[in-house]
Amino acid sequence: TTEFCQFGGMQATAQARTATADGTGTGTIAAGSSFVSVTSAGANNIVILPAPVVGNVIYVHVGANGCELRSSAPASIAINAGTASNGETALPANSLTICICVSSTAWLAFEVASNGAVSATEAAA
């Protein structure tokens, strides 16, 4: 119902993104997204998380080709405690990565493989 959607913390926007060479344009995930379907022409293409908002959870489903994931400021906003000037973490093909914003400078992430196996997402480097 409409009342349910008015509760704080509710994210309800799904979107499709296409990973790009530098993560800009169609490679950037919009703020407020909750489920993102990613297509990629190759494993070195990039998608970028939105600016961190503590408590946001973003589900990133990657199709037939893997890609790289970056925070909105890789040198200062970590993914699984990893930062670097162009820090990124690999997202495998046919997987679902769950990204949870835990602070203004950190995302925690884990992956679910196509067979349902759960593992930690590598730290951005």
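Just above, that's the structure.
So, here is what we can say about the structure in this document. (Residues numbered from 1 in each chain as written. Predicted model: local features only at pLDDT ≥ 70, side-chain atom pairs only at ≥ 80, totals over all residues. Heavy atoms only, no water.)

A word on the pairing of strand β2 (residues 33–39). When strand β1 (residues 13–18) meets β2, the two strands line up parallel, connected through 6 bridges. The residue bridging T18 from the neighbouring strand is T39, located in β2. Examined bridge by bridge, β2 and strand β4 (residues 57–62) share 4 bridges and lie parallel to one another. Across the sheet, residue F35 finds its bridge partner in β4, namely Y59. (Pairing = 2+ DSSP bridges. Helix = DSSP H or I, 4+ residues; strand = E, 2+ residues; numbered from the N terminus.)

The next thing to look at is the sheet that holds strand β5 (residues 67–70). Each strand in a sheet pairs with its neighbour through backbone hydrogen bonds, running either in the same direction (parallel) or in the opposite one (antiparallel). Spatially, β3-β5-β7 is the arrangement adopted by the 3 strands of the open sheet, whose pairing is mixed. Lying at the two open borders of the sheet, with one neighbouring strand each, are β3 (46–48) and β7 (89–91). When the angles between neighbouring strand axes are averaged without regard to direction, this sheet yields 35 degrees. By the bridge criterion, 3 bridges tie β3 to β5 in an arrangement that is parallel. Residue pairing across strands places I48 opposite R70, the latter belonging to β5. (Axes fitted to C-alpha atoms, helices over the stretch in contact; angles between N-to-C directions.)

Under the criterion given, the structure shown has 0 disulfides. C67 takes part in no disulfide bond, and the closest cysteine sulfur, belonging to C99, lies 10 Å away. C67 sits in the buried class, given a relative accessible area of 2%. The thiol of C99 is unpaired, and the distance to the nearest cysteine sulfur, on C101, comes to 10 Å. (Disulfide = S-S within 2.5 Å. Buried < 20%, exposed > 50% of the residue type's maximum accessible area, 1.4 Å probe, protein only.)

The next thing to look at is the pattern of salt bridges. This model, assessed by the stated rule, comprises 1 salt bridge. Measuring nitrogen to oxygen at the nearest pair gives 3.0 Å for the salt bridge that ties R70 to E88. Here E88 lies in the loop between β6 (78–79) and β7 and R70 lies in strand β5, a separation of 18 residues in the sequence. You can call R70 buried: its relative accessible area is 14%. (Salt bridge = Lys/Arg side-chain N within 4 Å of Asp/Glu carboxyl O.)

Let's shift gears to the nonpolar core. Counting 19 residues, the largest nonpolar core has V38, L49, V60 and W107 as its most contacted members. Elements represented by at least two residues in this core include exactly β2, β4, β5, β8 (95–103) and β9 (106–112). Top contributing element to this core by residue count: β4, with 3 residues. Those residues in contact with L49 that lie beyond four places of it in its chain are I29, I58, L69, R70, S71, S72, I79, C99 and W107. (Core = buried A, V, L, I, M, F, W, Y, C linked by side-chain atoms within 4.5 Å. Contact = heavy atoms within 4.5 Å.)

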